[in-house]
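Report on the structure
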Amino acid sequence: MENSEKKIRILTVDDDENICRLLELYLNNNGFAADFCNDGHTALAQLSQNQYDVVVLDVMMPIMDGFETLSKLREFSDIPVIMLSARGEANDRITGLDYGADDYITKPFEPQELIARIRAVLRRSKQGTEPKSVTLFNLTVNITEFTVTLNGVKVDMPPKEIELLYMLVKTPMHVFTRDDLLKSIWGQDYSGDSRTVDVHIKRVREKLGDNPNWRLTTVWGVGYKIEII
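The sections below set out a description of the structure shown in this document. (Residues numbered from 1 in each chain as written. Predicted model: local features only at pLDDT ≥ 70, side-chain atom pairs only at ≥ 80, totals over all residues. Heavy atoms only, no water.)

With that out of the way, let us pick up the sheet that holds strand E9 (residues 153-155). Pairing is antiparallel across the open sheet formed by four strands, whose spatial order is E6-E7-E8-E9. Edge positions in the sheet fall to strand E6 (133-136) and E9, since each of these pairs with one other strand and no more. Taking the axes of each pair of neighbouring strands and ignoring which way they run, one obtains an average angle of 20° across the sheet. Pairing geometry for strand E7 (residues 139-142) and strand E8 (residues 147-150), over four bridges, is antiparallel. Considered in E8, the bridge of Leu 139 is made with Leu 150. Where helix H6 (residues 159-169) meets the sheet, its contacts fall on E6, E7 and E8, and the angle it forms with E7 comes to roughly 120°. (Pairing = 2+ DSSP bridges. Helix = DSSP H or I, 4+ residues; strand = E, 2+ residues; numbered from the N terminus. Axes fitted to C-alpha atoms, helices over the stretch in contact; angles between N-to-C directions. Contact = heavy atoms within 4.5 Å.)

This is the structure:
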């Protein structure tokens, strides 16, 4: 019987035919449906006419480079984009992210690393379907407007504290490790001290105070959770 499960479609855009063929092989072998093209103009045409889930986009292409292609793509689509480049300079990564890329990987790379990054951006894009506002008793966290209200009164918090609180409140009683929180909020490539989570948790606690139905609890040696009292 034919498998009716819809495959995730990946479009690779690179002027190097060998890279396209290699990625096509790896992507197909990992259960994806892989297409490729060799220039930005063709990529934009395919993306405007077909449904894809992720784009793997090379930076260094003739006529229309990856940055310009991405800029034009963002005029009509918010599809996750992973940029490929032989240049690993920080300015290139920053430029790609500023244009709307979701991730950036430098050539040469291991195909399995790219597969892992594709799965990561897919997970993040699925989070976009989650409710953007969560309420727990007297506390509401809105991650779209970046607001927190407690007993109907707005609580001033910077974005990272709000993201941290939102993650905890939307899954009460679940214990999140420091690594869970760091990777989800500060990103996979964050290289700072994990104690930054402790500092943010302390500030959030100070601003929320004691509440009759829930509390922000430390699970010693593990991490943090919102506990229903």
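The next subject is helix H7 (residues 178-186). If you check which residues of H7 are buried, you get Leu 181, Leu 182, Ile 185 and Trp 186. Viewed along the axis of H7, the buried residues span an arc of 100°, placing them on a single side of the element. Those residues of H7 that are buried lie in contact with H6, strand E10 (176-177), helix H8 (195-208) and strand E12 (223-228). Looking one or two residues past H7, Gly 187 carries a phi angle of roughly 100°, positive in sign. (Buried < 20%, exposed > 50% of the residue type's maximum accessible area, 1.4 Å probe, protein only. Arc of directions from axis to C-beta.)

Another point: the pattern of salt bridges. Two side chains of opposite charge can pair, provided their charged atoms sit close to one another. A complete count under the given rule lists eleven salt bridges for this structure. A salt bridge links Arg 21 to Glu 24, with the shortest nitrogen-to-oxygen separation between them at 3.4 Å. Linking Arg 21 with Glu 24, this pair stays in helix H1 (residues 17-29), spanning three residues, or about one helical turn. By relative accessible area, Arg 21 is classed as partly exposed at 47%. Overall, the relative accessible area of 21% leaves Glu 24 in the partly exposed class. Arg 74 is the salt-bridge partner of Asp 102, the closest N and O atoms lying 3.2 Å from each other. Linking Asp 102 in the loop between helix H4 (90-99) and strand E5 (103-106) with Arg 74 in the loop between helix H3 (66-73) and strand E4 (81-85), this pair joins segments that are 28 residues apart in sequence. Note on Asp 102: relative accessible area 35%, which makes it partly exposed. Classification of Arg 74 by relative accessible area gives partly exposed; the value is 24%. Taken together, the shared-partner salt bridges in this structure form one network comprising Asp 14, Asp 58 and Lys 107. (Salt bridge = Lys/Arg side-chain N within 4 Å of Asp/Glu carboxyl O.)

Among the five residues of strand E1 (residues 9-13), four are classified as buried, and the element is accordingly described as predominantly covered. For E1 and strand E2 (residues 33-37), the ladder comprises five bridges, and the chain directions are parallel. If you follow Arg 9 over to E2, its bridge partner there is Ala 33. At this point the chain moves from E1, through H1, to the parallel E2, and the crossover so formed is right-handed. Strand direction decides the pairing type here: E1 and strand E3 (residues 54-58), joined by four bridges, are parallel. Each bridged residue has a counterpart across the sheet, and for Ile 10 the counterpart in E3 is Val 54. (Right-handed = clockwise from strand over helix to strand, strands pointing away.)

Attention now goes to H8. Along its 14 residues, H8 runs 20 Å from first to last C-alpha, staying within 8% of the 20 Å computed at 1.5 Å per residue. Structurally, H8 contributes buried residues whose contacts are with E7, E8, H6, H7, strand E11 (214-219) and E12. A positive backbone phi angle near 65° is found at Gly 209, which sits one or two residues after H8. (Expected span 1.5 Å × (residues − 1).)

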